[in-house]
Amino acid sequence: MTLPAAFLNTPLAHRALHDVTAGRPESSRAAVRAAVEAGFGIEIDLQLSADGKAMVFHDYGLERLTAERGAVRLRDASALAAIPLKGGDEGIPTLEEILDLVGGRVPLLVEFKDQDGGMGPDVGPLEAAAAKLIGSYRGDLAVMSFNPHSVRELARLLPDVPRGLTTSAYRPDEWPLPAQTCDRLRGIPDYVESGSCFISHEADDLSRPRVAELKAAGAAVLCWTVRSRAEEDIVRQVAQNVTFEGYLPQPRP
């Protein structure tokens, strides 16, 4: 399995092309429309609703992006859809809505947020809910997760969809995980066993030898999150594509 070329030559808008000053909150339909119109790829994140729907929302809690508080997972999809995103005039979208909105026009990178709480094996409902929709999608789409168990579950549910690992320096002071878990995941030990064909690695950690090792073995290397053209010039010495926000990348040759 290989990552489609579109994911290597089309910069990916982080949580879509968001800009609250223009009324486009992150992960909103407005931000997705803007990315499609500009010809950028899109990276989105999934969380699970109380009634088992895949919702396009990055955080586990509602407070940063809405005026509500509490866990996304404690509310059903219709209630989440009625909660306005800060800086916009629309509620939290479902994956089904975003798939329809993109319609295969630009590449779509879908990250499954860890539902286990510790990058462990308690996964499945979110992956199953999304797989029902992704399985019939027509267009360039790839899936990924920080949790290797999620990626393995996606391999079982969607064997023909390109998949990868979201990877990181896993600095213990930045992750709510035991140091032992951080140490293990930092080495990206699950790449081959999970059937991955790419990684999306933390931008300021691309010099890690394991990244070079995987790239030399044929892995595609994406990175997150790039916030300026100057930073993009640096990371592209290693990464084949960027997930960006806060600026517009220059067209690639």
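Everything below is about the structure shown above.
Keep in mind the model is a prediction, meaning the values are calculated, not measured. (Residues numbered from 1 in each chain as written. Predicted model: local features only at pLDDT ≥ 70, side-chain atom pairs only at ≥ 80, totals over all residues. Heavy atoms only, no water.)

So, about the nonpolar core. Formed by 62 residues in total, the largest nonpolar core has its most connected members in Ile42, Leu46, Leu95, Phe112, Ile134, Leu141 and Phe198. With residues near it in sequence (within four places) discarded, Ile42 still touches Leu12, Ala13, Ala16, Val32, Ala35, Val36, Val102, Val106, Pro107, Leu108 and Leu109. Judged by nonpolar contacts, the second largest core, of 10 residues, contains Met55, Leu65, Leu80 and Leu85. (Core = buried A, V, L, I, M, F, W, Y, C linked by side-chain atoms within 4.5 Å. Buried < 20%, exposed > 50% of the residue type's maximum accessible area, 1.4 Å probe, protein only. Contact = heavy atoms within 4.5 Å.)

This paragraph deals with the packing of helix 4 (residues 95–102) against helix 5 (residues 125–134). Helix 5 packs onto helix 4 with a crossing angle of 25° between their chain directions and a minimal axis gap of 10 Å. Judged by the inter-axis angle, helix 4 sits roughly parallel to helix 5. Between helix 4 and helix 5 the crossing geometry is right-handed. Counted together, Leu95, Glu96 and Leu99 of helix 4 and Ala130, Leu133 and Ile134 of helix 5 form the full contact between these two elements. Here the residues of the contact of helix 4 with helix 5 sort into 5 nonpolar, no polar and 1 charged. (Axes fitted to C-alpha atoms, helices over the stretch in contact; angles between N-to-C directions. Helix = DSSP H or I, 4+ residues; strand = E, 2+ residues; numbered from the N terminus. Parallel < 35°, antiparallel > 145°, perpendicular 65-115°, else oblique. Left-handed = near helix turned anticlockwise from the far one by under 90°. Nonpolar A, V, L, I, M, F, W, Y, C, P; charged D, E, K, R; others polar.)

This part is about the pairing of strand 5 (residues 141–145). In terms of residue burial, strand 5 counts as a mostly covered element, since 5 of its 5 residues are buried. Handedness of the crossover joining strand 4 (residues 108–112) and strand 5 through helix 5 is recorded here as right-handed. Bridging between strand 5 and strand 6 (residues 163–167) involves 3 bridges; their strand directions are parallel. By the bridge assignment for strand 6, Met144 is matched with Gly164. For the crossover that starts at strand 5, traverses helix 6 (residues 148–157) and ends in the parallel strand 6, the hand is right-handed. (Right-handed = clockwise from strand over helix to strand, strands pointing away. Pairing = 2+ DSSP bridges.)

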